[in-house]
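Close look at the chain arrangement
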Amino acid sequence: MGQGTSAETRPLLLPAAPGRVRRLSRLHRDNSGSGGDGHSGATAASLPSTVGNVTDDQNLYINQAVVFIEDAIQYRSIYHRVDSDSLWLYRWYYSRICQWILSIAITLILVLAFIERPSSLTITSDVRYRPKAWEPPCGLTETVELLCFLVFIVDVSVKSYLIGWEEFRKTKWLMAYIVVLLVSLVDWAVSIYLSCGTTLRIRRFLRPFFLLQNSSMMKKTLKSIKSTLTEMGGVGLLLVLHLCLFTMFGVLLFARTQDGQLDKERNGYFHSLTESWTTLLVLLTTANNPDAMIAAYSKNRAYCIFFILFIVIGNLVLMNLLTAITYNQFRGYLLKSVQTSFFRRRLGIRAAFEVLCYLGTAVNNDVLCVPTWTLLQVVRKVEMNSHCKKAIIERLKSYPQGGGLSSAQFQSLFDELDRESVKEHPPRPNYDSPFLQRIQFVFGHCYFEYLGNAVALANIISVCVVLVIDMEKPPDGQDDFFLGVINCFFILCYLLEMLLKIFALGLKRYVSYTRNVFDGVLTIVLMVLQVSTFAVYGFPHPGWKPEMQGLWSLWDMVRLANMLIVFRFLRIIANMEVHWICWVVVDIISILLPFKNIASCLSEESPQVSFSFSSSCL
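A short tour of the structure in this document, coming up. (Residues numbered from 1 in each chain as written. Predicted model: local features only at pLDDT ≥ 70, side-chain atom pairs only at ≥ 80, totals over all residues. Heavy atoms only, no water.)

Overall, the coordinates contain one disulfide when judged by the stated rule. Each sulfur of the disulfide joining Cys-138 and Cys-196 lies 2.0 Å from the other. Taking the torsion about the sulfur-sulfur bond, which here is approximately 75 degrees, the covalent link between Cys-138 and Cys-196 counts as right-handed. Of this pair, Cys-138 sits in the loop between α5 (96-111) and α6 (140-170) while Cys-196 sits in the loop between α7 (172-193) and α8 (202-214), and the two are 58 residues apart along the sequence. Looking at the unpaired Cys-369, the closest cysteine sulfur is the one in Cys-357, lying at 7.7 Å. A relative accessible area of 3% means that Cys-369 is categorised as buried. (Disulfide = S-S within 2.5 Å. Helix = DSSP H or I, 4+ residues; strand = E, 2+ residues; numbered from the N terminus. Buried < 20%, exposed > 50% of the residue type's maximum accessible area, 1.4 Å probe, protein only.)

Encoded structure:
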């Protein structure tokens, strides 16, 4: 960021003066680049001067530093208004309640597609048995739409005001946002004027834009796809040429002959150019392989050479080449995105350092420093993860009282943002009795966990054996006695295991482990289900298969219990060496959340998750 000693000795802002406009000029001069959202990531914000007493000026500097640090935490651009009123509006806009309101509005406008006419919100999709879907009265969905549009209007207005006119003209997404809103409002007004009688509603096609505009991950994905289209177009052209050539070969090879076996191949897959093209296009995905060549192969084995060459060239060469190009482009864009995010964090922290230098600047060996007490006041106002804030405050308190932090120390202090927190589990309870201590050691040992896994495996095997035996019996001859006894025995074992673990670990330590919470919740649900079964149908006995009583039949309740037992067996993943694969899958899902309609809006609160995973991949 800086340029040696001169970068730290030269002030970032000009001294405060009435009516004078201060700019983060040196950040603009020393750094150049662009952010991923269309905002300039390297251009700093202009700092309008606030005329007033010293206290107001100090509060302004502190609030500016707080906002810059929050921008760094969330990888946001610092190019926005930073006067007192704008800072308050900026923090209010990015508060949790405002982002939740925006997420709910996006969710509602996307969910409307399920209940609007023509609605598909029915239990069955079979037109023979599907009842008539509920059609909302005219004005109901339109009212919800209008409320969502009002939220979007406030959203685009606040964004446009905060970044300023100069930056607004460079942001194509915001300009498109306004155009989409205008078109949607006009189309909404036409629908209301015609009493919901219009069949073509343009605003429905534009609804996914609100999801794209609010998701930075989706924007980056679209940009990556755009940069990949050129190279993908060349490989796509090769695929089309490959299909055309083999389509012609197929029509000529399987032409009309006197041979009835070849006529089967021709009539079934190569009757015309269009049908041949469709057959080979499906064969490119191997969906109709080997059905497409069975008739010709039955006549002569040599015909398989045609299909083998087609699959090898198309599927193994061209399709893999397309995959490689796509991966290479996305990998390069991912690296660029990570670099941009890292740069934004460094830039925001540096901007906060330069601003805080005006609050009682301490100079040590001609190097600008920020007083520790000032930074401590700023960190306490910043919204960040509690463990990061605690770690930063502890490091700040370790510095000498009344001292200052240089630029390098200031940057290193916020390296805690990139470190994952280590969860500390509560201690085990202490028992005075030697007998209880031995019991605690036995049931708190990892071998007891392995024993529980063995019991769960035995339960799965026994359920499978009973189900296989019952499959050979007619419905009238099936008996739920053995399955009921087996479930009752193993559920009692699970309950005993849970109680012994709570005794050995203590309740707080027991619930601090995710696998124990998963295990305990399912055990309690199974116990409640088993008690309900006994209360309604009595205890198991030979010929235990009474008629349906209440909401569920006995078979439904036993079947639900068996499904929960099978689901509970997933607890073994925590004790296997491949459990890290599951956490990687969870991270991948968290990164891909923006591709889902609802969850993508809620995932915008923690963009550092995708950044940490991307860094680990690289």
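Before going further, it helps to spend a moment on the nonpolar core. Grouped together as the largest cluster of nonpolar side chains are 67 residues, with contacts concentrated most on Phe-152, Leu-375, Phe-410 and Phe-414. At 10 residues, the largest contribution of residues to this core is made by helix α3 (residues 54-73). Filtering out sequence-adjacent residues up to four positions away, Leu-375 remains in contact with Leu-356, Val-370, Leu-396, Leu-405, Phe-410, Leu-413 and Phe-414. Core analysis: the next-biggest nonpolar cluster, separate from the first, contains 21 residues, Leu-243, Phe-246, Phe-254 and Phe-310 among them. (Core = buried A, V, L, I, M, F, W, Y, C linked by side-chain atoms within 4.5 Å. Contact = heavy atoms within 4.5 Å.)

With respect to the element layout, Ser-406 can be found in the loop between β5 (404-405) and α16 (407-413). Apart from the residues lying within four places of it in its own chain, the contact partners of Ser-406 are Phe-353, Val-367, Leu-368 and Cys-369.

Our focus in this paragraph is the packing of helix α9 (residues 216-253) against helix α11 (residues 273-283). One way to put it is that α9 packs onto α11 with a least axis distance of 9 Å and a crossing angle of 125 degrees. Classified by the angle between their axes, α9 and α11 sit oblique to one another. The way α9 lies across α11 gives a crossing that is right-handed. Side by side, α9 and α11 meet where Val-240, Leu-243, Cys-244, Phe-246, Thr-247, Met-248 and Val-251 of the first sit next to Leu-273, Ser-276, Trp-277, Leu-280 and Leu-281 of the second. In terms of residue class, the contact of α9 with α11 is built from 10 nonpolar, two polar and no charged. (Axes fitted to C-alpha atoms, helices over the stretch in contact; angles between N-to-C directions. Parallel < 35°, antiparallel > 145°, perpendicular 65-115°, else oblique. Left-handed = near helix turned anticlockwise from the far one by under 90°. Nonpolar A, V, L, I, M, F, W, Y, C, P; charged D, E, K, R; others polar.)

Turning to helix α18 (residues 446-471), a few remarks are in order. Over its 26 residues, α18 runs 38 Å from end to end, which matches the ideal 38 Å to within 8%, given 1.5 Å per residue. If you check which residues of α18 are buried, you get Phe-448, Glu-449, Gly-452, Asn-453, Ala-456, Asn-459, Ile-460, Ser-462, Val-463, Val-466 and Asp-470. (Expected span 1.5 Å × (residues − 1).)

What follows concerns the pattern of salt bridges. The full count for this structure, using the stated rule, is 12 salt bridges. A salt bridge links Asp-187 to Arg-203; the nearest nitrogen and oxygen atoms lie 2.7 Å apart. Here Asp-187 is found in helix α7, whereas its partner Arg-203 is found in helix α8, with 16 residues between them in sequence. When sorted by exposure, Asp-187 lands in the same class as Arg-203, which is buried. Counted as one network, the salt bridges with shared partners bring together Glu-116, Glu-145, Asp-187, Arg-203, Arg-204 and Arg-207. (Salt bridge = Lys/Arg side-chain N within 4 Å of Asp/Glu carboxyl O.)

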